[in-house]
Amino acid sequence: MNSLLIIIFRLYLPIGVAISIGILLSCLLKKSQVKIFKNNHLSLIIPNYLGKFLFWFGVPLGVINFIHKANLSGGIWLSPIVAWCAVLLGLFLSWLLIQTLFPKPSLASQTSFTLVSTVGNTGYIGFPIILLLPQLGPDYFGWAILYDLLGTFLAAYGLGTILASRNLLTRNKVINFGSGLSIVSIDQTTIFHSIKLSLLQIVRWLQNNLVILVKNPTLIAFVLGLTLRSIVFPPWLDISLEWFAWSIIMLSLILMGMRLQQLDSWSNIKIAFSAVSIKMLLVPLVIAMALTTAGLSGPPRLVLVLQSAMPSAFASLILAEAYDLDRDLVVTCLGLSSLMLFFTLPFWLWGFTTW
């Protein structure tokens, strides 16, 4: 009973309050009807700029603070391997479910279903949960960082983009990853040439994406945090960084609340529930069983299981809008999986907090 109360006050209360503030703030901004910056509405501008601030400045500084204090001993480099195992497992299970349960869905719907079943929100939701849990906290933040950067990020914008691009190819379009979209008709005499060209463009895009990964501010902050671990910060700097880092965690949750409030579709609940079940139940359960069988236990196992059980990522919505996928299905999955998190978290904590 005491442990349940601790989880409620240390985890559910701050997450619930921060997300509720974000939802309320987004509603108030939408009702205000104030438009600035080329007639754009404040309810769209503020989340956009808040997201940029967190990506380029807030989250990296928070990462430096937490990595400076984190426990990086043990098999921490197992984290991205587990992340990719979870991605590939979600890919296989989603394909299997599409083949057996849903008769002849469009390629756009298939791809959307696969994306939301595969890629999780291991950053803006995963990081706060790992940090706020009394069983984990900053000591095990390094595991969460590597899972997100070398697993989820590459899966979303590498593998995810390749999968999403198939939708445009089958609609007589070839993707130019360097400078937007170049539309080229495909007939039977040019189809092989078009496929070859598309594959070359995908390879070129992947090479560019590795450059983007290296320039990712969170990765740079991770490396900088590792470099600074041998340096003892003065008390004033340590306290300031700690305060700032936890403020960023709350801002991330507020941003999630604002984005959730802007979701505008709750259709295809049955199909969405199937996709979310793969992402938040089947995949983490298999990962947990595999890690336990392999002999991994304690906090590292819990971090990896929780990261694999995070809600569907907002990167799926970005890809759905960029590649003309089934946006309604993606939006429904994002909202449903975010709500479902509050019900699945106790199960993973009860089953895998064994120390």
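Computed from a predicted structure; not experimentally measured. (Residues numbered from 1 in each chain as written. Predicted model: local features only at pLDDT ≥ 70, side-chain atom pairs only at ≥ 80, totals over all residues. Heavy atoms only, no water.)

Structural notes on the overall build of the protein chain
In terms of regular secondary structure, the protein chain is built from 13 helices and four strands. Counting across all 355 residues of the protein chain, residues that qualify as buried make up 53%. The contacts in the protein chain between residues at least 6 apart in sequence include a share of 83% that link residues at least 24 apart. (Helix = DSSP H or I, 4+ residues; strand = E, 2+ residues; numbered from the N terminus. Buried < 20%, exposed > 50% of the residue type's maximum accessible area, 1.4 Å probe, protein only. Contact = heavy atoms within 4.5 Å.)

Things to note about the nonpolar core
Counting 98 residues, the largest nonpolar core has Ile-129, Phe-141 and Leu-306 as its most contacted members. Per-element accounting of this core gives the leading share, 12 residues, to helix α13 (residues 327–352). (Core = buried A, V, L, I, M, F, W, Y, C linked by side-chain atoms within 4.5 Å.)

Overview of helix α2 (residues 42–69)
If you check α2, its first and last C-alpha atoms are 38 Å apart, about what 28 residues at 1.5 Å a residue would give, namely 40 Å. The principal kink in α2, of about 50°, is found at Leu-54. (Expected span 1.5 Å × (residues − 1). Bend = angle between axes of the 7 residues up to and from the residue.)

Here we look at the packing of helix α3 (residues 78–101) against helix α10 (residues 269–293)
Running from amino to carboxyl end, α3 crosses α10 at an angle of 135°, the nearest separation of the two axes being 9 Å. In terms of orientation, α3 and α10 fall into the oblique class. Note on packing geometry: the crossing formed by α3 with α10 is right-handed. Where α3 approaches α10, its residues Val-82, Cys-85, Ala-86, Leu-89, Gly-90, Leu-93, Ser-94 and Leu-97 are matched on the opposing element by Ser-274, Ile-278, Leu-282, Val-283, Val-286, Ile-287 and Leu-291. (Axes fitted to C-alpha atoms, helices over the stretch in contact; angles between N-to-C directions. Parallel < 35°, antiparallel > 145°, perpendicular 65-115°, else oblique. Left-handed = near helix turned anticlockwise from the far one by under 90°.)

As for helix α4 (residues 107–118)
Taking 1.5 Å of rise per residue, 12 residues should cover 16 Å, and α4 covers 16 Å from first to last C-alpha, within 8% of that figure. Most of α4 sits out of view: 10 of its 12 residues are buried. Of all the residues in α4, the buried ones are Ala-108, Ser-109, Thr-111, Ser-112, Phe-113, Thr-114, Leu-115, Val-116, Ser-117 and Thr-118.

Focus: the packing of aromatic side chains
In the structure shown here, the tally under the stated rule is 11 aromatic pairs. Both rings, one in Phe-55 and one in Trp-56, keep their centres 5.0 Å apart while their planes meet at 90°; by these two values the pair is edge-to-face. Looking at Trp-56, the relative accessible area reads 57%, which means it is exposed. Clustering of aromatic rings is evident, with ring pairs tying together Phe-66, Phe-127, Phe-141 and Trp-246. Note that Lys-52 overlies the ring of Tyr-49, its terminal NZ or CZ placed 5.4 Å from the centroid. (Phe/Tyr/Trp six-rings, centres within 6.5 Å; stacked < 30°, edge-to-face > 60°. Lys NZ or Arg CZ within 6 Å of the ring centre and 35° of its normal.)

Focus on the confidence of the model for the protein chain
Per-chain confidence: the protein chain averages 81 in pLDDT, with 80% of residues scoring 70 or above. Looking across the protein chain, the model is least confident in strand β3 (residues 174–175), with a mean pLDDT of 38, and most confident in helix α11 (residues 298–308), with 94. Note on residues 172–187: pLDDT is under 50 here. Beyond four places in sequence and across chains, it has 34 contacts. (pLDDT = per-residue confidence, 0-100.)

Quick word on a nonpolar patch on the surface
Taken together, the side chains of Phe-9, Leu-13, Val-17 and Ile-21 make up a nonpolar region of the molecular surface, amounting to roughly 370 Å² of accessible area. Residue class for Ile-21 comes out partly exposed when judged on its relative accessible area of 41%. (Patch = residues over 30% accessible without salt bridge, like charges linked within 9 Å, V, L, I, M, F, W, Y side chains within 5 Å. Areas by Shrake-Rupley, 256 points an atom, 1.4 Å probe, with all protein chains shown as cover. Salt bridge = Lys/Arg side-chain N within 4 Å of Asp/Glu carboxyl O.)

Description of the side chain of Asp-326
As for its position among the elements, Asp-326 is in the loop between α12 (315–322) and α13. Although buried, Asp-326 forms no salt bridge, and the nearest oppositely charged side chain, Arg-327, lies 8.8 Å from it. Those residues in contact with Asp-326 that lie beyond four places of it in its chain are Ala-108, Ser-109, Ser-112 and Asn-268. (Lys, Arg positive; Asp, Glu negative; His and termini not counted.)

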